[in-house]
Amino acid sequence: MTRVLLVLVVFLFFALCVYGMWHGWKRRQAKQADLPAFPATPATLGEPRLATTGVYIGTTNAGNWQDRVQVGDIGHRAEATLSLVPEGVAIDRVGATPIFIPAGSIRDARTDRGLAGKVMFSEEGLLVVQWENQGHLFDTGFRGDDKDVYEELVAALSQTAIEHGGKA
């Protein structure tokens, strides 16, 4: 009898934890409902200057690496392809909506070790693009399969930011 009671208590605790996580996710979504809508991907995009495969880590409010944006499916990690096209940055995610960052919105680019709850051992484990959407700054993180392209991507994104009035 004691064992059955212990199993029930553990199960109830687990269910309470799952409910708490779900409730927190929904509360954050409601709190972020007034964020500006993310730009739609244009129907046609130019040839990619640079591209890499990897994992879309997430988008956070700029300056707060833990404040993940959870509106729609923006907060969902997914395998993805990041492409630097003349129009901006296109992130084509598997099983989720694509994300597009217009070239004129890019403010900065860097490598970092953490974003949206994902922490890497290396200081240069993630590629982070800071961009502005209707006066709101976001950081979007991507972990590439090939880290050797980071330097080239950061340089190209920084140049794009400078050309469009960013701080890079």
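What counts and how
Chains are numbered independently. Their residues run from 1 in the order of the written sequence. The model is predicted, so local features are restricted to residues of pLDDT at least 70 and side-chain atom pairs to those at 80 or more, both for listing and for counting; the totals for chains, interfaces and linings are taken over all residues. The basis for every side-chain value is the complete set of heavy atoms in the structure, and neither hydrogens nor water enter the calculation. Here's how the labels work: a residue is buried when its accessible area is under 20% of the maximum for its type, exposed when over 50%, partly exposed in between, all with a 1.4 Å probe on protein chains only. Note on conventions: DSSP H or I runs of at least 4 residues are helices, E runs of at least 2 residues are strands, and numbering of each starts at the N terminus. A pair of strands is labelled paired if DSSP reports no fewer than 2 bridges between them. Salt bridges are defined by distance alone: a side-chain nitrogen of Lys or Arg within 4 Å of a carboxyl oxygen of Asp or Glu. To get an axis, fit a line to the C-alpha atoms, keeping to the stretch in contact for a helix; angles then go from 0 to 180 degrees between the N-to-C directions. Note on definitions: a residue-residue contact is assigned when non-hydrogen atoms from the two residues lie within 4.5 Å.

- In the nomenclature of an unreviewed UniProt entry, the protein corresponds to Transporter from the organism Lentzea rhizosphaerae.

### Structural notes on the pairing of strand S2 (residues 78-85)
Note on strand geometry: in a regular strand, side chains alternate between the two faces of the sheet.
1) Next: S2 sits mainly inside the fold: 6 of its 8 residues count as buried.
2) Next: In this structure, strand S1 (residues 50-61) lies alongside S2, joined through 7 bridges in antiparallel fashion. The residue of S2 that forms the bridge with Ala51 is Ser83.
3) Next: For S2 and strand S3 (residues 88-93), the ladder comprises 6 bridges, and the chain directions are antiparallel. Bridging from a neighbouring strand, Thr81 pairs with Asp92 of S3.
4) Next: Here S2 folds back onto S3 in antiparallel fashion, the turn holding 2 residues.

### A look at unusual backbone geometry
Most of the time, phi is negative for any residue but glycine, and the peptide bond is trans.
1) Next: You will see that Gln134, though not glycine, has its phi angle at about 55 degrees, which is positive.
2) Next: Overall, the relative accessible area of 66% leaves Gln134 in the exposed class.

### Quick word on the pairing of S1
1) Next: The element S1 is largely enclosed, with a buried count of 10 among its 12 residues.
2) Next: Sheet analysis places S1 next to strand S9 (residues 136-144), joined by 7 bridges and oriented antiparallel. Paired with Gly58 across the strands is Gly141, a residue of S9.

### Regarding the pattern of salt bridges
1) Next: Summed over the entire model, instances satisfying the criterion amount to 4 salt bridges.
2) Next: Here Arg107 makes a salt bridge to Glu132, at a shortest N to O gap of 3.0 Å. Pair noted here: Arg107 is in strand S5 (residues 106-112) and Glu132 is in strand S8 (residues 126-133), with a separation of 25 residues, a long-range link.
3) Next: One salt bridge connects Asp139 with Arg110, and the closest N-O pair in it is separated by 3.3 Å. Here Asp139 is found in strand S9, whereas its partner Arg110 is found in strand S5, with 29 residues between them in sequence.

### Comments concerning the sheet that holds S3
1) Next: Taken together, the 7 strands give an open sheet; going across it, the order is S4-S3-S2-S1-S9-S8-S5, and neighbouring strands pair in antiparallel fashion. One side of each edge strand has no neighbouring strand; the edge strands of this open sheet are strand S4 (99-102) and S5. On average, adjacent strands in this sheet sit at an angle of 30 degrees to one another, irrespective of strand direction.
2) Next: Here helix H2 (residues 150-163) sits on the sheet and contacts S1, S2, S3, S5, S8 and S9; the angle it forms with S5, its principal contact strand, is near 160 degrees.

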